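One letter stands for each residue in the lines below.
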Amino acid sequence: MTALFPTYARWNIEPDTAKGSWLTSKEGKNYLDYTSGIGVLNLGHGNETVKASVERQLERFWHTSNLFENSEQEQAALLLAKASGLSRTFFANSGAEANEAAIKLARKATGKSKIVTCTQSFHGRTFATMAATGQEKIRVGYGTMLDGFTHVPYNNAAELENAVDDQTAAIMLEVVQGEGGIHLLDASYAEAIMKLKEKHDILLIIDEIQTGIGRTGKPFAFQHFAIQPDIITLAKGLGNGLPIGAMLGREDLAEFFGPGSHGSTFGGNPISISAAIAVLSEVMNPLFLQETAEKGIYFMQQLKWHLENSEFIVEIRGLGLMIGIELKDEAAPIVQKLQDSGLLLLTAGPNVIRILPPLTTDKNEIDLAVEKISNVLKTESIPTA
Ligand SMILES: *Cc1c(COP(=O)(O)O)cnc(C)c1O
């Protein structure tokens, strides 16, 4: 019996408590949680800095509305500007909402409506972001889509060039496709994007909802590439579990989002903002980012060392602590076996195991995860008669 819409195929685990990288189920089983709440808990479960910041704000007030001055929103936006180089922020409540804001701003600022996105992308589930998402399966049954969106194959510069023209408002993409299977942007594609952007006066929107907030060992993943976005969108890791989204844009875009042009009752809620300020002060510390990058390199090395010769693996790839293991067969049964062994991971597309540890994890936990993964993939390799 359930009183909920069955929109989620839920796991057979109900969390009781969680701290750092660990989660304990109501049945008393301990799990190494390398899902981070789907890339949200970059500072792990129950982070004390976030908790203290939220508790301080709870004592003051927890909602006022965006009619009031708000120095905490200003502070969070300044921290984001410092880390990204984009001087203006609009706060929303989720990733899809951040992307909605980006799509609206791009259309308004350019006076054009065409937006090019990539196949296998994921940008959200509202009407605009569902149309932006390059996966047919999430659109099935919902009727007419918002028009103006064209999807091109990821990392194919020629196809992108064919798809853009002077009516194109924006190119929108992830620099590491998350849901689509941990696919990284090619350097040559980055170059092609920058050229086309220049030629046709197109805005570049980078969806950093999964890749941002230190996930890849830099503040934002675009900073690994020779690419300069006009707009980026954030959510997931920004509140370490409190709901918040953000759209960041260039200074000269500010005039197109004047009073009354866009808004949100809960956007930039004080509790979520207090969490975001704590997150940004921890994550944007260069030492923290460097350690994240090092952990990512270590994790990849260990995985490759233990698994590269496995006949069940197509490729191990990733950036920082965003790692994918592409299998020849379906990933879901393997993720289920790993769950039984006490390691929580995700899938990305049908064949990819997606690993998103908290950035606060350590080498011992990484070693444990590698051991569990290689055990399961080794067991898998015993041919069943
Ligand atoms: C999760 C995700 C979204 C959607 O975020 P929601 O908060 O679920 O609306 C959009 N883009 C990317 C890249 C994501 O990973």
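Look up a bit, the structure's there.
Just so it is clear, the structure is predicted and the values come from calculations on it, not from any experiment. (Residues numbered from 1 in each chain as written. Predicted model: local features only at pLDDT ≥ 70, side-chain atom pairs only at ≥ 80, totals over all residues. Heavy atoms only, no water.)

Caption draft 1: How the structure looks around the overall build of the protein. Scanning the protein from N- to C-terminus turns up eleven helices and 17 strands. Over its C-alpha atoms the protein spans a radius of gyration of 21 Å, differing by no more than 12% from the 21 Å that the globule rule assigns to 385 residues. Residues counted as buried form 53% of the 385 residues belonging to the protein. Taking contacts inside the protein between residues at least 6 apart in sequence as the whole, the part at least 24 apart equals 70%. Entry remark: accessible area of the protein is about 18000 Å², with carbon and sulfur atoms responsible for 53%. Looking at charge distribution, the protein has the averaged site of its 33 positive side-chain charges lying 1 Å from that of its 45 negative ones. (Helix = DSSP H or I, 4+ residues; strand = E, 2+ residues; numbered from the N terminus. Rg over C-alpha atoms; globule rule 2.2 N^0.38 Å. Buried < 20%, exposed > 50% of the residue type's maximum accessible area, 1.4 Å probe, protein only. Contact = heavy atoms within 4.5 Å. Areas by Shrake-Rupley, 256 points an atom, 1.4 Å probe, with all protein chains shown as cover. Lys, Arg positive; Asp, Glu negative; His and termini not counted. Charge placed at Lys NZ, Arg CZ, Asp CG, Glu CD.)

Caption draft 2: Examining the pattern of salt bridges more closely. One pass over the full model with this rule turns up 13 salt bridges. Here Lys26 and Glu14 are joined by a salt bridge, their closest N and O atoms 3.3 Å apart. Linking Lys26 in the loop between strand E2 (22-25) and strand E3 (30-33) with Glu14 in the segment before strand E1 (15-19), this pair joins segments that are twelve residues apart in sequence. Taking relative accessible area as the criterion, Lys26 reaches 55% and is therefore assigned exposed. On the accessibility criterion, Glu14 (49% relative accessible area) is partly exposed. One salt bridge in this structure joins Glu191 and Lys195, with 3.7 Å as the shortest N-O distance. In this pair, Glu191 and Lys195 both sit in helix H7 (residues 187-200), four residues apart, roughly one turn of the helix. Residue classification places Glu191 among the partly exposed positions, given a relative accessible area of 49%. The structure contains a network of salt bridges with shared partners spanning Lys197, Asp230, Arg250 and Asp252. (Salt bridge = Lys/Arg side-chain N within 4 Å of Asp/Glu carboxyl O.)

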